[in-house]
Amino acid sequence: MHRSIFCSPSRYTQGAGVTSMLGQELQILGLEGPVLIVAGRNAASQLSDLWERSLAQAGYKYDIHHFGGECTGLEIDRVTAKGHSLGAKIVIGSGGGKVIDTSRAAAADLGASVVSCPSIASSDAPCSAISVLYKEDGSYDRYRIYGRNPDLVLVDTTLIAHSPKRHLVAGMGDALATLFEAEACQKSGALNTRGGAALQTAVNMARLCFDTLMKYGRAACVSIEKNEVSQALDHVVEANTLLSGLGFESGGLAAAHAIHNGLTRVPQTHKMMHGEKVAFGTITQLIMQQADKALLEEVTTFCKDVGLPTTFADLGLDEISDGDLRIIAQGAVAPEETIHNMPFPVSEQLVIESMKSANELN
Ligand SMILES: [Zn+2]
């Protein structure tokens, strides 16, 4: 049966200093503890006191699991075991995308509620119902998809204003792909990540996401350099986290993320962030679909202005061999990849040629 599906978190709260309202937010949703917090290193050191005050005030018992560094099956098992011993009914992920993906997986295994508290705006992971799992060696493993989106996404913009600029920029790279991937799915009739067609809502959110980046992305970079919460930063955090999250999940993924997944097969790119690789994947997708010259130029100029990679050298692939190009392309066109959501057949050769043309645009 033809059906369109749109999904989102139950509640999204964004603002300067909202971490102090965490307990209150959980109460509003009627969520019961105990609470297990999966915390990245920086989040733990910056927020421990605030959690103590906010959760204690609202009467929540809690414990903290210090994140091991990678979203792997093993790490998820460790969090789940800790959650079992605590009897956790809520799992909060506080940190970057990998922390949040791990906490979401453990929450699913525990049957607990999920709360995402991103400390950086580096990807669209916080709002989604998907975890990206990696192997112990850092290469891409698989997606895990859940029935439910987070119960709460709490985004503290003060925290993000004090996070490294590179993370915000990577988030813009991830958000840059959303519109083009959603449009590709709409054209091909491919289903979104929830198994339905996209509603206009998702595609228009993706459009607002792209427009927000073009309008406020550069100014947001200036704000974060000064650790200032400004309107531009606020808008870009919303684009990176909410609009991109809802846009990709209910709009669908296509070539840009498949090329990202291919890039992770080459160890030299492991020091690059998810969104940085997605940005290069986006330019490659635009070439593949023979996008308008003006649009291609708008996107590549934006990438250069904010510091997103546009060449192999930028990605750490200075002297890329034909063998490496083939490994990346083979990964990108693997049978389960979203590249097959493009409105035309995509071969290994087309990926290689498009990546080479992307690199030569400069
Ligand atoms: Zn992404």
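Residues numbered from 1 in each chain as written. Predicted model: local features only at pLDDT ≥ 70, side-chain atom pairs only at ≥ 80, totals over all residues. Heavy atoms only, no water.

A. The nonpolar core, seen in detail. Formed by 66 residues in total, the largest nonpolar core has its most connected members in Leu-168, Met-172, Ile-259, Ile-339 and Val-351. It is helix α6 (residues 165–188) that contributes the most residues to this core, nine residues altogether. When residues of this core are sorted by domain, at least three fall in each of domain 1 (12–161) and domain 2 (165–360). Residues contacting Leu-168, with those up to four places away along its chain left out, are Ala-121, Ile-160, Ala-220, Ile-224, Leu-233, Val-236, Val-237 and Asn-240. (Core = buried A, V, L, I, M, F, W, Y, C linked by side-chain atoms within 4.5 Å. Buried < 20%, exposed > 50% of the residue type's maximum accessible area, 1.4 Å probe, protein only. Helix = DSSP H or I, 4+ residues; strand = E, 2+ residues; numbered from the N terminus. Domains from an automatic or database assignment. Contact = heavy atoms within 4.5 Å.)

B. Local environment of the domain arrangement of the protein chain. Each domain of the protein chain was delimited in the assignment, giving domain 1 (12–161) and domain 2 (165–360). Inter-centroid distance (C-alpha atoms) of domain 1 to domain 2 is 25 Å. Contacts between the two partners involve 28 residues from domain 1 and, on the opposite side, 32 residues from domain 2. Buried surface at the junction of domain 1 and domain 2, summed over both partners, amounts to about 2300 Å²; 59% is from carbon and sulfur atoms. Run the count over domain 1 and domain 2 and you get zero salt bridges. For the pair domain 1 and domain 2, the interface holds ten residue pairs in polar contact (both at pLDDT 80 or more). When contributions to the side of domain 1 that touches domain 2 are tallied by element, the ones reaching two or more residues are β1 (12–15), β6 (130–134), β7 (140–145) and α5 (157–161). For the side of domain 1 that touches domain 2, the element with the highest residue contribution is α5, accounting for four residues. Classifying every residue of the side of domain 1 that touches domain 2 gives 15 nonpolar, ten polar and three charged. (Buried area = accessible area lost by both parts, 1.4 Å probe. Salt bridge = Lys/Arg side-chain N within 4 Å of Asp/Glu carboxyl O. Polar contact = N/O pair within 3.5 Å; in protein donor to acceptor, adjacent residues only side chain to side chain. Nonpolar A, V, L, I, M, F, W, Y, C, P; charged D, E, K, R; others polar.)

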